[in-house]
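Here are the chains, one letter per residue:
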Amino acid sequence: MPESLLLPAGLFSLSLAIAAGLYLFTARGYQSSDSVANAYDQWTEDGILEYYWGDHIHLGHYDDPPVAKDFIQSKIDFVHAMAKWGGLDTLPPGTTVLDVGCGIGGSSRILAKNYGFNVTGITISPQQVKRATELTPAGLSAKFAVDDAMALSFPDASFDVVWSVEAGPHMPDKAIFAKELLRVLKPGGILVVADWNQRDDRQVPLNFWEKPVMRQLLDQWSHPAFASIEGFAENLEATGLVEGQVTTADWTVPTLPAWLDTIWQGIIRPQGWLQYGLPGFVKSVREVPTILLMRLAFGTGLCRFGMFKAVRKDVNKA
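Residues numbered from 1 in each chain as written. Predicted model: local features only at pLDDT ≥ 70, side-chain atom pairs only at ≥ 80, totals over all residues. Heavy atoms only, no water.

### Topic: the overall build of the chain
Okay, so step 1: Per the secondary structure count, the chain includes 14 helices and seven strands.
Okay, so step 2: Relative to the compact-globule value of 20 Å for 318 residues, the chain shows a C-alpha radius of gyration of 20 Å, a close match.
Okay, so step 3: Here the analysis covers contacts within the chain between residues at least 6 apart in sequence; of these, 77% occur between residues at least 24 apart.
Okay, so step 4: As presented, the chain carries roughly 14700 Å² of accessible surface, and 61% of it is formed by carbon and sulfur atoms. (Helix = DSSP H or I, 4+ residues; strand = E, 2+ residues; numbered from the N terminus. Rg over C-alpha atoms; globule rule 2.2 N^0.38 Å. Contact = heavy atoms within 4.5 Å. Areas by Shrake-Rupley, 256 points an atom, 1.4 Å probe, with all protein chains shown as cover.)

### Observations concerning the packing of helix α2 (residues 33-46) against helix α6 (residues 126-135)
Okay, so step 1: Closest axis-to-axis distance for the α2/α6 pair is 7 Å, and the angle between their directions is 40°. Counted together, Tyr-40, Asp-41, Thr-44 and Glu-45 of α2 and Pro-126, Gln-127, Gln-128 and Arg-131 of α6 form the full contact between these two elements.
Okay, so step 2: Partitioning the contact of α2 with α6 into residue classes produces two nonpolar, three polar and three charged. (Axes fitted to C-alpha atoms, helices over the stretch in contact; angles between N-to-C directions. Nonpolar A, V, L, I, M, F, W, Y, C, P; charged D, E, K, R; others polar.)

### Here's the deal with the pairing of strand β7 (residues 303-311)
Within a regular strand, side chains alternate between the sheet's two faces.
Okay, so step 1: Two elements, strand β5 (residues 185-198) and β7, share nine bridges in a ladder whose sense is antiparallel. Along β7, the bridge assignment pairs Val-193 with Phe-308.
Okay, so step 2: Pairing of strand β6 (residues 247-250) with β7 involves four bridges; the strand directions are antiparallel. Pairing of Asp-250 across the sheet is with Gly-306, part of β7. (Pairing = 2+ DSSP bridges.)

### Remarks on the side chain of Lys-75
Okay, so step 1: Structurally, the position occupied by Lys-75 is in helix α4 (residues 71-85).
Okay, so step 2: Of the buried charged residues, Lys-75 lacks a salt bridge, with Glu-166 as the closest side chain of opposite charge at 7.3 Å.
Okay, so step 3: What Lys-75 contacts, discounting residues up to four positions off in sequence, is Trp-53, His-56, His-58, Leu-59 and Gly-60. (Buried < 20%, exposed > 50% of the residue type's maximum accessible area, 1.4 Å probe, protein only. Lys, Arg positive; Asp, Glu negative; His and termini not counted. Salt bridge = Lys/Arg side-chain N within 4 Å of Asp/Glu carboxyl O.)

### Some points on α6
Okay, so step 1: For α6, the full list of buried residues reads Gln-128, Val-129 and Ala-132. Buried residues of α6, seen end-on, are gathered within an arc of 100° and therefore sit on one face of the element.
Okay, so step 2: Residues of α6 that are buried sit in contact with α2, α5 (106-115), β2 (118-123) and β3 (142-146). (Arc of directions from axis to C-beta.)

### Some remarks on the nonpolar core
Okay, so step 1: Judged by nonpolar contacts, the single largest core of 55 residues is most densely connected at Met-82, Trp-163, Trp-196, Trp-259 and Phe-305.
Okay, so step 2: In contact with Trp-259, other than residues within four places in its own chain, are Leu-59, Trp-196, Trp-221, Ile-291, Met-294, Arg-295 and Phe-298. (Core = buried A, V, L, I, M, F, W, Y, C linked by side-chain atoms within 4.5 Å.)

### A look at the packing of helix α8 (residues 210-220) against helix α14 (residues 288-300)
Okay, so step 1: Interhelical geometry of α8 versus α14 gives an angle of 135° and a closest axis separation of 10 Å. Here α8 is positioned oblique relative to α14, judged by the angle of their axes. The way α8 lies across α14 gives a crossing that is left-handed. Contacts between α8 and α14 involve Val-213, Gln-216, Leu-217 and Gln-220 from the first element and Thr-290, Leu-293, Met-294, Leu-296 and Ala-297 from the second.
Okay, so step 2: Split by residue class, the contact of α8 with α14 holds six nonpolar, three polar and no charged. (Parallel < 35°, antiparallel > 145°, perpendicular 65-115°, else oblique. Left-handed = near helix turned anticlockwise from the far one by under 90°.)

### So, the environment of Leu-241
Okay, so step 1: Relative to the elements of secondary structure, Leu-241 occurs in the loop between α9 (229-238) and β6.
Okay, so step 2: Linking Leu-241 and Tyr-115, residues 126 residues apart in sequence, is a C-alpha distance of 27 Å.
Okay, so step 3: When sequence neighbours within four positions are dropped, the list of residues in contact with Leu-241 reads Lys-179, Leu-182, Arg-183, Val-311, Arg-312, Lys-313 and Val-315.

### Here's the deal with the confidence of the model for the chain
Okay, so step 1: For the chain, the mean per-residue pLDDT works out to 91, and 92% of the residues sit at or above 70.
Okay, so step 2: The low-confidence segment residues 3-7, where pLDDT is below 50, has one contact with residues more than four positions distant or belonging to other chains. (pLDDT = per-residue confidence, 0-100.)

### Section: the side chain of Thr-95
Okay, so step 1: Take Thr-95: it is sitting in the loop between α4 and β1 (96-100).
Okay, so step 2: Within the local environment of Thr-95, its side chain forms a polar contact with the backbone oxygen of Pro-92, the two atoms lying 2.6 Å apart.
Okay, so step 3: When neighbours within four sequence positions are excluded, Thr-95 is seen to be in contact with Phe-117, Asn-118, Asp-160 and Val-161. (Polar contact = N/O pair within 3.5 Å; in protein donor to acceptor, adjacent residues only side chain to side chain.)

### A few points about the pattern of salt bridges
Close approach of charged atoms lets side chains of opposite charge pair.
Okay, so step 1: Summed over the entire model, instances satisfying the criterion amount to 17 salt bridges.
Okay, so step 2: A salt bridge links Glu-210 to Arg-199; the nearest nitrogen and oxygen atoms lie 2.8 Å apart. Taken as a pair, Glu-210 in helix α8 and Arg-199 in the loop between β5 and α8 lie far apart in primary sequence, eleven residues in all.
Okay, so step 3: When its relative accessible area of 5% is taken as the criterion, Glu-210 is described as buried.
Okay, so step 4: Its relative accessible area of 15% is what places Arg-199 among the buried residues.

Set out below in structure tokens:
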């Protein structure tokens, strides 16, 4: 290689090594519920995530087989698809719903506005509660509070429906999480959950490259562990509070386009990070490797997008 090209190539390699080192060194691994709350507080305060993802901090639904969609519309479609899959579209107005891990309230507002439900959204992040409340029009039957999904503050049998989207990976004990979701559900009530899941490694152990990829997916976004679809269904049934069996589905295909679409939004709409200058650019670019790793994991079967539906048993019946 000519000497004139060695310096630029060397600088590029050095820059890449430094960037990789910083990415790994600044990982936001799970430490406690406080680390999760702090991460979401920061994202909510700076507004970059809301600029790109709108009201919905979850993946979109692009149909099966997938079709091209507006990024925000795909997230709205996800809420309606989940409501239909869970049978919530047949429930009457006034149905009480607990939205566990409500973010800034996008799903809660749709469930209240389009279905007439009385929704309570809870999150571990005070800033998300503040923003969700700001975004909710007066008169809409949706309210928000800080609460811990591992120890919900509500009495037993408080809600007709419990709803949760992509909150499970932040829960350190999936069995306790499963019990809390069902505990606050009325007998005959419906639990519907959508979550990121790892392949069941009891059936097919993780191989040499899957282990470090999974480690980064945990460490970068403050996740203690991903459950498998099979494992979390077992957690729910082990509570003894499920009528019959848990219904599951794999929505990896209709949600898969959301990962690359997320990166594309930052390219075609640079205003979101430009308004925050260099810090906004750095913060946005820093997430790209994790998003690409997510796309790799879900595209190769290391991860799956799991759907869960359960009906609460009446334990007082003979």
